[in-house]
Structure formats: C-alpha cells, structure tokens
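Here are the chains, one letter per residue:
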Amino acid sequence: MNQILHIFRKDVRRHWPEILLSLALLALFTRHQLHPWQNSNAFSSFSTYFLILEGGGYITPATILFWAFLVVRVVQGESLVGDRQWWVTKPYEWWNLLAAKLLFILVFISVPLFNVHLLLLHQFGFHILRNLPALLLTHLGLYTVLLLPALLLASLTKNLGQLLLTAGCILLGVVGIAWLATKFPSGDGENLPPIAEHFQEFLIWSSFVAVPIWQFARRRRWVSAGAFLGMLAVNSLISVVVPNAKTIEKNYPLVETQTSPARIAIRQPAEMTGRRNANPWFDAVPDVYLKVPITVSGVASVTMVMVDVMNITTDSRQDSRWIHGWKYQHVELWPEDQWKSLSYEVGRKDYEKIKTKPLNLHIELALSEYQEADARILLVPAGRFSDETLGICRVDPLQSSSIQCLKPFHAPGLMATFDPRDFPCHGDKRSDTIQEDAVSHAWEFSNHYSFPDANYTPIADYSIWFRPVSLLTDLEAMPQQRTELKRQLRIQLDLPNVRLQDLVESHWQ
C-alpha cells in the first residue's frame, strides 16, 4: 500500500498542471449542464464568451479528449514499452503500479465527475438515492467506453507520438473497413445470431481489460499487440463466416392485409400530383432513393402503427441485383393520416442499368402496433412544470410545436395527442396557419434496456415533437399516455409495371 501511495503522490506532483486543467474543464461542463435551457437570445450571440461558456457542444468533447490525454500521460509516466526505463530497476511490483494508475484515474476523473452528477440530480430536484444504482452503472459504462481504450493505447505505446501514430492507423483501418462494407451492402434487418454478437462483445471488452493487465505484468508490447490484433481478426472472421439471422421474418410473422392494424395501399406514380422539377445535384450523389407513396386508413383511435422496415423484391432474379434487403423506415401511421411516403436506398450503378425497364415490385412492410396505456390528460402551463413520468418540462420558446423535458438517464416512452377541437387555442396571434380541426401527435420510443447509456451527465435532455407544428401554439392541455407494444407483423403489397425512374426522389413535387 505504501508503494501505491508513493507512486500516486509522484504522479500528482508531476501532472498537477493537467489535473488543474481537467478540473477547470469539468467546472465549465458543470456550469453548462446546470443551465440546459439557455435563453433564446443567447444563441444569437457569436462572441468568444458564448462559445467558451455557453457552447456545451465544445466543452463536452474537449473534456472527454483531455481525460483520455490525462490517462495516457499518467500511464506513460512509467512506460511499459522496452526494458531500459529507470523505474524497471526500482522494486516496483506491477500490480502496485497498475493500482496506483487506477487510483489516480479514480481520484481525479471519476470522483469529481461523480460529485458533479450528484450535484445535477440534486439541483433539478431528482431523488438521489433512487437514482444511485443507475448512476453507478453509468460510471461503469464510462470506464468501459472511455478509460479502458485509453489505458490500452497508453500501455502499448512509449510516448505521445507513438500513440498518435497508432491512433491514426486505427482510424485508417476503421475507414477502410467502412469503405469495404459499402461494397457489400446488406439489409438493415440482417444481423448475426445473438450468441455470435454476445461472443463478439465479450472478445472486445475482455481484450480491453486483459491486454493492459498483461502489458503491466510482462511488458511485452508485440505479444500484447499481437493478441489484440488477433482478437480483432477473430471478430471480423465471425462477421464474415457466421451467416446472418433472418430476424425480420422471425420477429414479424406474415399476415393477410385484411388483418393488418392499418389498411395500406400503394399509390401508382401517375397518381402523384404536382409539377416535377429535376434536381441538379441528383447525378452527383452515389445513391438513389426510391420514393414509395402509400395511402393509409383504418388505424384505430387508441393505437399507432409504425412502419419499421421495408423490403422490395421483383419477379426476376436478374432484375433484383439492385435490391439489398430490408431498409429502416420508422414512419408513424396515426388514425388521422391519409398518405405517407416510404424510401428505399439503391446504388446508382445498379439503378442506371435498369431504371427504364418495367418491373413488378413486391413490397413487404414490417409493422409494429402500439396501443396506449395509462391514458391521462396533461395540463401544460405557460412556464416550467414537473411531471412524474416526463420529468421537468416546458414548452419550447423557440418552437412551440415541441416540449422540452429533463429526466434522469432515459427519456420515457410515450405517445401524446393534441386535439384543438377539445382544447382550442383562443387568442393566438402568432400563427395564421392553424388548422382548427386538425390533430397533432408526438411519439417517443421506450428504452427497454436496464443498463443506462454511457453518458457524461445523468440528465436526459429530450424534446416531445408534435406534428403538425401549427397546432401546438399556446396549447392548454393534451392527452398523454404510456405505450405498450401490442404486436409485430408483416404485410405484402404489389406495385406492377413500374419503372424505377418514376419513383426517384430527384423529381420533387
């Protein structure tokens, strides 16, 4: 224990300027987080004061990068690369050296940030003891996402120059892998089996723990680096060898269109009204987006149907080379909706080869039906208000079609409706386009994971957006309810004798 404290005191004396700068950045970060809803006039200022003190978008990444830099500096203070460092001749035990470095990280990064999180929860009136387990899990996630990768790189490099070179090589490798992935497009609904995904995650995170420990214990950089690269190779091999699971077909059983929670029909391109104007940038983009217009009816009054993903097939395999499986949509279908538009991405080269050929398209839609639960009327006052489900909220002063809310760790899942026929907005002088008989809706996905997202603040700042925007101005009340997933299903639709060029989004209405 004396050796751990000796190394710790030595690191404090050596790195006190970095410690002070880290605490200063954390103070600026805290100041910004204490005022998440800045006055609207502040955003019109472009002064240096505003960019430094109000620009939380700059403070947070700067603080994160400096923490990683501080971890690297502390670990490289006793370099683990080579065998000619002065400390190797000292009676240092490797576990004492590792414990001293972890103690430094705990005292000057984790403890100050933990106290800031407690301050934020207290300042906004959220119960500290009730949120303490989630806060501890959040800090565990921070160690995993931020500190372990920095510790890994620092243990495999001798100085800052080597670290930057290594980080650059890793970045180039990631860019290369991403570029290769674009050459082999796949559907959004195709994933590895859960056991393979869990094994990949185990390999990655266990290597982040095992490699630094091995390097502290043996100081064999090339063995440690080889083990880490071998893990990455095995991980990549799993992605290539293990076939993707057809999760969409399994999770969304096929049903007849008559039993669907929404009656959906495809509009022929000839039915699309309005003059089309060619987009001058269309030929420059590498991908083409097909626009599939649909008509909607039959959605029950207490439900919302979500179009999760869409797949397109054709009669001929030769004509199906441009098809790449399921594509995400996330299009909401409400009871008052009459038409929507879906989008499907295809490569330009494949599109150009077949764009004028008449095709019979078979379209599959994977739908999720959500039903309201615990419905209630929520009165929205002019100023800030508190709600047990939503947190601390207010109507956005810059965009009256949204409600800004603060909630510990996660935004709640909900669906909300504002009907001006039940709650008319009297005396509204700011909008001349309000449809008095229209209805606006808002939707928030529910987070089903118990482990909180790794974040640098315990306060989730989210907005509840209502559409159409003109219906939320000076609202007085709205029905608000929790949502429950009722069922998931697939339906099939046909679009015969159509050319792809009639569906492209380069011709806007």
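Before any of the text, the structure's been laid out above.
Now for a look at the structure at hand. (Residues numbered from 1 in each chain as written. Predicted model: local features only at pLDDT ≥ 70, side-chain atom pairs only at ≥ 80, totals over all residues. Heavy atoms only, no water.)

**Remarks on the packing of helix α2 (residues 16-33) against helix α5 (residues 94-123)**
Right, so step 1: Remark: α2 packs on α5, axes separated minimally by 11 Å, with the N-to-C direction vectors making an angle of 15 degrees. The angle between the axes of α2 and α5 places the two elements in the roughly parallel class. For the pair α2 and α5, the crossing hand works out as right-handed. Residues Ile19, Ser22, Leu23, Leu26, Phe29, Thr30 and Gln33 of α2 form the contact with α5, whose participating residues are Phe104, Phe108, Pro112, Leu113, Val116, Leu119 and Leu120.
Right, so step 2: Grouping the amino acids of the contact of α2 with α5 by side-chain chemistry returns 11 nonpolar, 3 polar and no charged. (Axes fitted to C-alpha atoms, helices over the stretch in contact; angles between N-to-C directions. Helix = DSSP H or I, 4+ residues; strand = E, 2+ residues; numbered from the N terminus. Parallel < 35°, antiparallel > 145°, perpendicular 65-115°, else oblique. Left-handed = near helix turned anticlockwise from the far one by under 90°. Contact = heavy atoms within 4.5 Å. Nonpolar A, V, L, I, M, F, W, Y, C, P; charged D, E, K, R; others polar.)

**Some points on the packing of aromatic side chains**
Describing an aromatic ring pair means giving the distance of the ring centres and the angle of the ring planes.
Right, so step 1: Applying the stated rule across the entire model yields 10 aromatic pairs.
Right, so step 2: Plain terms: the ring middles of Trp67 and Tyr456 are 6.3 Å apart, the flat faces sit at 45 degrees to each other, and that makes the pair tilted. Taken together, the positions of Trp67 in helix α4 (residues 56-76) and Tyr456 in the loop between β14 (440-444) and β15 (459-465) put the pair 389 residues apart, joining distant regions of the chain.
Right, so step 3: Through a chain of ring-to-ring contacts, three or more aromatic side chains come together here, namely Phe8, Phe104 and Phe108. (Phe/Tyr/Trp six-rings, centres within 6.5 Å; stacked < 30°, edge-to-face > 60°.)

**Some details on the packing of helix α6 (residues 128-156) against helix α8 (residues 194-218)**
Right, so step 1: Closest axis-to-axis distance for the α6/α8 pair is 9 Å, and the angle between their directions is 35 degrees. In this structure, α6 meets α8 at a crossing whose hand is left-handed. In this structure, α6 contributes Thr144, Leu148, Pro149, Leu151, Leu152, Ser155 and Leu156 to the contact, and α8 contributes Trp205, Phe208, Val209, Val211, Pro212 and Gln215.
Right, so step 2: Taken together, the residues of the contact of α6 with α8 sort by class into 10 nonpolar, 3 polar and no charged.

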